[in-house]
Amino acid sequence: MTTDSIVRLTSLTQGYSGRRIIENLDLSIKPGVTGLLGPNGAGKTTLFRTLATIAPPQSGQLELFGSPVTNERTARRVRRRIGYLPQDFGYYPAFSIADFVRYCAWLREVPSKQADSATKEALAAVGLADRARDRMKSLSGGMLRRAGIAAAIVGSPALLLLDEPTVGLDPAQRLDFRKLIRSLARAGAAVVLSTHLVEDVGAACDTVFVLSDGQIRHSGTPQQLAELATPTAPGDSPLERGYMEALGNSRPSQETPC
Ligand SMILES: Nc1ncnc2c1ncn2[C@@H]1O[C@H](COP(=O)(O)OP(=O)(O)OP(=O)(O)O)[C@@H](O)[C@H]1O
């Protein structure tokens, strides 16, 4: 493995109850901002849960920070260095935002002497410093998402996994979010975000992977993705057209509604 890879997956197969969602996937992630694009059901969340060491690989190898993660003991050792914002995250409704973020700091084993300052820093980074005492149950969708981002970044994890972090953020907050992740990456973190918003990828990512049916269809810079665009590909920008081209110029597959 190259010395600066924070994540390395080799021949990953992952799925649920005998159904394979990801098969034989190789992936390497370095510090910087990496975007993960893909249609609904592509396997992005499944991949994130694997990287966050929540779902052990069905087969294949996961290496984080240069060490193989092979069992619960090795997973626990790396978890404190990982910040994870799931698409839907749980919280105690009666907690204040500060309680929630401090609790996540405790889960990540941020030393107790640093927990208060780390919490304040994380809340300030997402613009919630003056709402620290608001109850979680009282938050708007965008504020809840920002509280989740604060919980993911508290204690400055070296690997930050953000599953659709900009859902519900207004345009100004999305700009602030991009600035935030770029500054975390400049400080040495590997930030991985899954999103359906190609403009977030174009504006904030150094590298982009396009995932479809559990396979990487494209990896490179956003510029390289945009260069895949053909005049006939659907889309309103070169990046959207490049993305559609990477998917095989097809409409994303739809999950069957119930
Ligand atoms: N807990 C589960 N049990 C069974 N199947 C699951 C489970 N979670 C996800 N799946 C299935 O795995 C596939 C990939 O889902 P996943 O959530 O990883 O996709 P995604 O790319 O994150 O999608 P989206 O963009 O809609 O969030 C889907 O077909 C989904 O139905």
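None of these values were measured; they are calculated from a predicted model.

Draft legend 1. Geometry of the site of the ligand. R19, G41, K44, T45 and T46 are the nearest of the 15 residues found near the ligand. In the environment of the ligand, an oxygen atom lies 3.1 Å from a nitrogen or oxygen atom belonging to the backbone of A42. Note that an oxygen atom of the ligand is positioned 3.0 Å from one of the backbone N or O atoms of G43. Protein contact buries 68% of the 640 Å² of open area that the ligand shows by itself. Sorting the residues of the shell around the ligand by element identifies β2 (19-29) and α1 (44-51) as the ones contributing at least two each. Among the elements that line the shell around the ligand, the one with the most residues is α1, at three residues. Of the residues in the shell around the ligand, the class split is four nonpolar, seven polar and four charged.

Draft legend 2. Local environment of the pattern of salt bridges. Here the structure, examined in full by the defined rule, presents nine salt bridges. With a shortest N-O distance of 2.7 Å, D116 and R102 are connected by a salt bridge. You can see D116 sitting in helix α4 (residues 112-125) and its partner R102 sitting in helix α3 (residues 97-107), a full 14 residues away along the chain. In this structure R102 comes out as partly exposed when scored by relative accessible area, which is 32%. Here R174 ties to E199 by a salt bridge, and the two come within 3.4 Å at their closest N and O atoms. Taken together, the positions of R174 in helix α6 (residues 171-186) and E199 in helix α7 (residues 198-204) put the pair 25 residues apart, joining distant regions of the chain. Among the charged side chains, a salt-bridge network with shared partners connects R174, R178, E199 and D200.

Draft legend 3. Representation of the confidence of the model for the protein in the model. When the pLDDT values of the protein are averaged, the result is 93; 95% of them are 70 or greater. Across the assembled chains, the prediction reports ipTM 0.97 with pTM 0.93.

Draft legend 4. Spotlight on the packing of α3 against helix α5 (residues 141-153). At a closest axis distance of 8 Å, the pairing of α3 and α5 adopts a crossing angle of 30 degrees. Here α5 runs roughly parallel to α3, going by the angle between their axes. Seen along the crossing, α3 lies across α5 with a hand that is right-handed. Mapping the contact onto sequence places I97, F100, V101 and C104 in α3 and A147, G148, A150 and A151 in α5.

Draft legend 5. Region of interest: the pairing of strand β10 (residues 215-220). As defined by bridge partners, strand β9 (residues 207-212) adjoins β10 across five bridges and the pair is classed as antiparallel. Bridge pairing in β10 links V208 to G220. Counting the residues that bridge the hairpin from β9 to β10 gives two residues, and of these D213 lies at a positive phi of roughly 50 degrees.

Draft legend 6. Main features of the sheet that holds strand β4 (residues 59-64). Strand order across the open sheet formed by four strands is β2-β1-β4-β5, with antiparallel pairing between neighbours. Strand pairing shows two members of the sheet lacking a second neighbour, β2 and β5 (67-68), which therefore form its edges. Relative to β4, strand β1 (residues 7-16) runs antiparallel, the two being bridged by five bridges. Note that in β4 the partner of T10 across the bridge is Q61. Lying over the sheet, α1 contacts β1, β2 and β4, oriented at roughly 120 degrees with respect to β1.

Calculation criteria
Residues numbered from 1 in each chain as written. Predicted model: local features only at pLDDT ≥ 70, side-chain atom pairs only at ≥ 80, totals over all residues. Heavy atoms only, no water. Near = heavy atom within 4 Å. Polar contact = N/O pair within 3.5 Å; in protein donor to acceptor, adjacent residues only side chain to side chain. Areas by Shrake-Rupley, 256 points an atom, 1.4 Å probe, with all protein chains shown as cover. Helix = DSSP H or I, 4+ residues; strand = E, 2+ residues; numbered from the N terminus. Nonpolar A, V, L, I, M, F, W, Y, C, P; charged D, E, K, R; others polar. Salt bridge = Lys/Arg side-chain N within 4 Å of Asp/Glu carboxyl O. Buried < 20%, exposed > 50% of the residue type's maximum accessible area, 1.4 Å probe, protein only. pLDDT = per-residue confidence, 0-100. Axes fitted to C-alpha atoms, helices over the stretch in contact; angles between N-to-C directions. Parallel < 35°, antiparallel > 145°, perpendicular 65-115°, else oblique. Left-handed = near helix turned anticlockwise from the far one by under 90°. Contact = heavy atoms within 4.5 Å. Pairing = 2+ DSSP bridges.

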